[in-house]
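# A structural walkthrough
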Amino acid sequence: MTSAVVIGAGVIGLSVAWRAAQRGVTVTLADPVPGSGATRAAAGMLTPVSEAAYAEKDLLGLGAESLRRYPDFAAELTGLTGLPTGFRRDGTMQVGYDADDLAVIEELHALQESFGVAAERLTARQCRKAEPLLDPSVRGGLLTTGDGSVDPRLLARALLAAAEKSGVRIVRQPAAGLLVAGEDGEASEDGGGRAAGARLADGSEVTADWVVLAAGWQSPALAGLPPAAVPPVRPVKGQILRLRVPPEGDQLSRCVRGVVRGRSVYLVPRQDGELVVGATQEEMGADTRVTAGGVWELLRDARTLVPGLTEFEFAEAIAGLRPGTPDNAPVLGPSGLPGLVLATGHFRAGVLLAPVTAEIVADYLATGRLAAAADPFTMARFQRRRQPEGTPR
Ligand SMILES: Cc1cc2nc3c(=O)[nH]c(=O)nc-3n(C[C@H](O)[C@H](O)[C@H](O)COP(=O)(O)OP(=O)(O)OC[C@H]3O[C@@H](n4cnc5c(N)ncnc54)[C@H](O)[C@@H]3O)c2cc1C
């Protein structure tokens, strides 16, 4: 029977472990605190279209594919565990605050149309009719009906329960290093040796046929990775707020993403009365301090769009570290070391991409074949870029 050790139990490691166990793989999942990374901070928007920037068409396709799987993924999780995920699918409204902001929204509309994605253009009046909490100054917007959201904390709890029910062994410890089997037990860049498991913090070892590296922004730091297998992942800080609608207060009915005087802000409503306001994007290394400036900017822009939120209870401010890559897309599949599989670098979209990532990686572990959908997302794309000019490909 095939075995795997998955390092990291964020939304990606949890999903991979669950799906792999369902495919008959014997899985050990190592993480000192499952669900504690970027997963804990994330807003949980499932919005592939509004996340797509220019030249990210492959990523848009992967996101759309993952969103397509979400209703079944969420229903299966709840069916198996009895736990909610907060999944809802009521679309996203993107709004522009002033004339320049509306021009940004119009550009986005053109981009969406070029990708063949339908979004409905809304006048200011239509925006307000659909979302009466919006400020009357909002100039207009777009409605994307297929988008949705999930509560990442609920999702992680349900995934952990599902993984356990499916036979995954959870080890609440960090992996301290990679075990490599080979002539001398050392990993080498030319492919000598094979990943054989993980050494845990208490010194014990878990051996397995496959090692899946899903440790979010900390993935490159695992001791023992040969240079060719180190994913180009860096921490990208995001500060985010959680507010609570007062009793008898009104809530937004869908995600609202706004451009406010050139800055982006989003509001994600939850059925339990939470309203998430996010998020900053800062290149600060591994810094998770919540700053007065970060909180102020988010509240200022959110209040510009929804003035009534000053009456909401302030429940939480938190900063998380997104696993960013040079092209904003994840790194999936084989690495420079046989037996080591990468499932990391999901940057701003790991919650969205969890179902499709889990399926691709679980399938690879079970069959040794990588689905074509993963081709644009392997480590090979960075290795190609590193080649000097004139090098034959
Ligand atoms: C503010 C903010 C808002 C976001 N909003 C959204 C959103 O709306 N939609 C969306 O799709 N995505 C969103 N994201 C992005 C999303 O959170 C990430 O892409 C996703 O969490 C990545 O999942 P992961 O499992 O790879 O990493 P993480 O969630 O960071 O989990 C990594 C896990 O690995 C563990 N770990 C680390 N090192 C080790 C080790 N050596 N051994 C064992 N375990 C280890 C950690 O404890 C952690 O539990 C947001 C992120 C932030 C910060």
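For the structure itself, consult the block above.
None of these values were measured; they are calculated from a predicted model. (Residues numbered from 1 in each chain as written. Predicted model: local features only at pLDDT ≥ 70, side-chain atom pairs only at ≥ 80, totals over all residues. Heavy atoms only, no water.)

### Quick look at the packing of aromatic side chains
Using the following cut-off: Two aromatic rings, drawn from Phe, Tyr or Trp (for Trp, its six-membered ring), form a pair once their centres lie within 6.5 Å of each other, and the interplanar angle then sorts them: stacked below 30 degrees, edge-to-face above 60, tilted otherwise. Criterion for a charge above a ring: Lys NZ or Arg CZ within 6 Å of the ring centre, and within 35 degrees of the ring normal.
Going through the model one piece at a time under the given rule, you end up with four aromatic pairs. Taken together, the ring pairs in this structure connect Trp-18, Tyr-70, Phe-73 and Phe-87 into an aromatic cluster. Positioned above the aromatic ring of Trp-18 is the side chain of Arg-19, whose terminal nitrogen or guanidinium carbon lies 4.3 Å from the ring centre. Here the basic side chain of Arg-194 rests over the ring of Trp-210, its NZ or CZ set 5.1 Å away from the ring centre.

### Focus on the pattern of salt bridges
The test is simple: Any carboxyl oxygen of Asp or Glu within 4 Å of a side-chain nitrogen of Lys or Arg constitutes a salt bridge here. Note on conventions: DSSP H or I runs of at least 4 residues are helices, E runs of at least 2 residues are strands, and numbering of each starts at the N terminus. A 1.4 Å probe rolled over the protein chains alone gives each residue an accessible area, and that area as a share of the maximum for its type sets the label: buried under 20%, exposed over 50%, partly exposed in between.
This structure, assessed with the given rule, holds 19 salt bridges. Salt-bridge contacts for Arg-69 lead to Glu-65; the nearest nitrogen and oxygen are separated by 2.9 Å. On the criterion of helical spacing, the pair formed by Arg-69 and Glu-65 is a turn pair, its members being four residues apart in helix H4 (residues 57-81). Overall, the relative accessible area of 22% leaves Arg-69 in the partly exposed class. Residue classification places Glu-65 among the partly exposed positions, given a relative accessible area of 24%. We note a salt bridge from Glu-106 to Arg-121, for which the minimum N-O separation is 2.7 Å. Within this pair, whereas Glu-106 is found in helix H5 (residues 99-114), its partner Arg-121 is found in strand E5 (residues 120-123), the two being separated by 15 residues in sequence.

### Some points on the site of the ligand
We apply this condition: We call a residue near a molecule or strand whenever a single non-hydrogen atom of that residue lies within 4 Å of it. In protein, a polar contact requires one atom able to donate a hydrogen and another able to accept it; more generally it is a pair of N or O atoms within 3.5 Å, and residues adjacent in sequence count only if both atoms are side-chain atoms. Only the protein chains shown count as covering a residue, and every accessible area follows the Shrake-Rupley method with a 1.4 Å probe. Amino acids outside the nonpolar list (Ala, Val, Leu, Ile, Met, Phe, Trp, Tyr, Cys, Pro) and the charged list (Asp, Glu, Lys, Arg) are all regarded as polar, and Gly is one of them.
Around the ligand, a shell composed of 38 residues is seen, among which Asp-31, Thr-39, Met-45, Phe-347 and Leu-352 lie nearest. Separating a nitrogen atom of the ligand from a backbone N or O atom of Arg-348 is a distance of 2.9 Å. When isolated, the ligand has an accessible area of 1,000 Å², and the protein chains bury 95% of it. Of all the secondary structure elements, the ones that give two or more residues to the shell around the ligand are helix H1 (11-22), helix H2 (38-41), strand E13 (234-244), strand E17 (313-324) and helix H9 (350-367). Across the shell around the ligand, the residue classes tally to 22 nonpolar, 13 polar and three charged.

### Looking at the pairing of strand E9 (residues 175-181)
Put simply, the test is: Paired strands, in this sense, are two strands between which DSSP finds at least two bridges.
Most of E9 is tucked away, with five of its seven residues classed as buried. Of the strand pairs in this sheet, E9 and strand E10 (residues 194-200) are connected by six bridges, and their pairing is antiparallel. Bridge assignment links Val-180 to a residue of E10, and that residue is Ala-195.

### Considering the nonpolar core
Our working definition: We define the nonpolar core as a collection of buried residues of types Ala, Val, Leu, Ile, Met, Phe, Trp, Tyr and Cys that are connected through side-chain atoms lying within 4.5 Å of one another. What makes two residues a contact is simply this: any of their non-hydrogen atoms within 4.5 Å.
Core analysis: the largest hydrophobic core is formed by 50 residues, its most contacted members being Leu-155 and Leu-365. Per-element accounting of this core gives the leading share, ten residues, to H9. Beyond its immediate chain neighbours, meaning those up to four positions away, Leu-365 contacts Thr-2, Ala-4, Ala-20, Val-25, Trp-210, Val-212 and Val-341. In terms of nonpolar packing, the next biggest core, distinct from the first, is built from 25 residues, Leu-143, Leu-275, Leu-298 and Ala-302 among them.

### Regarding the sheet that holds strand E12 (residues 210-213)
Let me state the cut-off plainly: The axes are straight lines fitted to the C-alpha atoms, using for helices just the contacting stretch, and the angles between their N-to-C directions are given from 0 to 180°.
If you walk across this open sheet you meet the six strands as E8-E2-E1-E12-E19-E18, and the pairing is mixed. Looking at strand neighbours, the two that pair on one side only are strand E8 (169-171) and strand E18 (331-334), the edges of this open sheet. Averaged over all pairs of adjacent strands, the angle between strand axes in this sheet comes to 20°, irrespective of strand direction. Both E12 and strand E19 (residues 340-344) contribute to a ladder of three bridges, which runs parallel. Its bridge partner being in E19, Leu-213 is matched across the sheet by Leu-342. Set on the sheet, H1 makes contact with strand E1 (3-7), strand E2 (26-30), E12 and E19; between it and E2 the angle comes to about 165°. Strands in contact with H9 are E1, E12, E18 and E19; relative to E19, the strand with the most contacts, it is inclined by about 175°.

### Things to note about the sheet that holds E9
With antiparallel pairing, the three strands of this open sheet are ordered in space as E9-E10-E11. For this open sheet the edge positions go to E9 and strand E11 (205-207), each flanked by a neighbour on one side alone. Each strand axis lies, on average, 30° off the axis of its neighbour in the sheet, ignoring direction. Judged from the three bridges that link them, E10 and E11 form a sheet pairing that is antiparallel. Directly across from Ala-198, in E11, lies its bridge partner Val-206.

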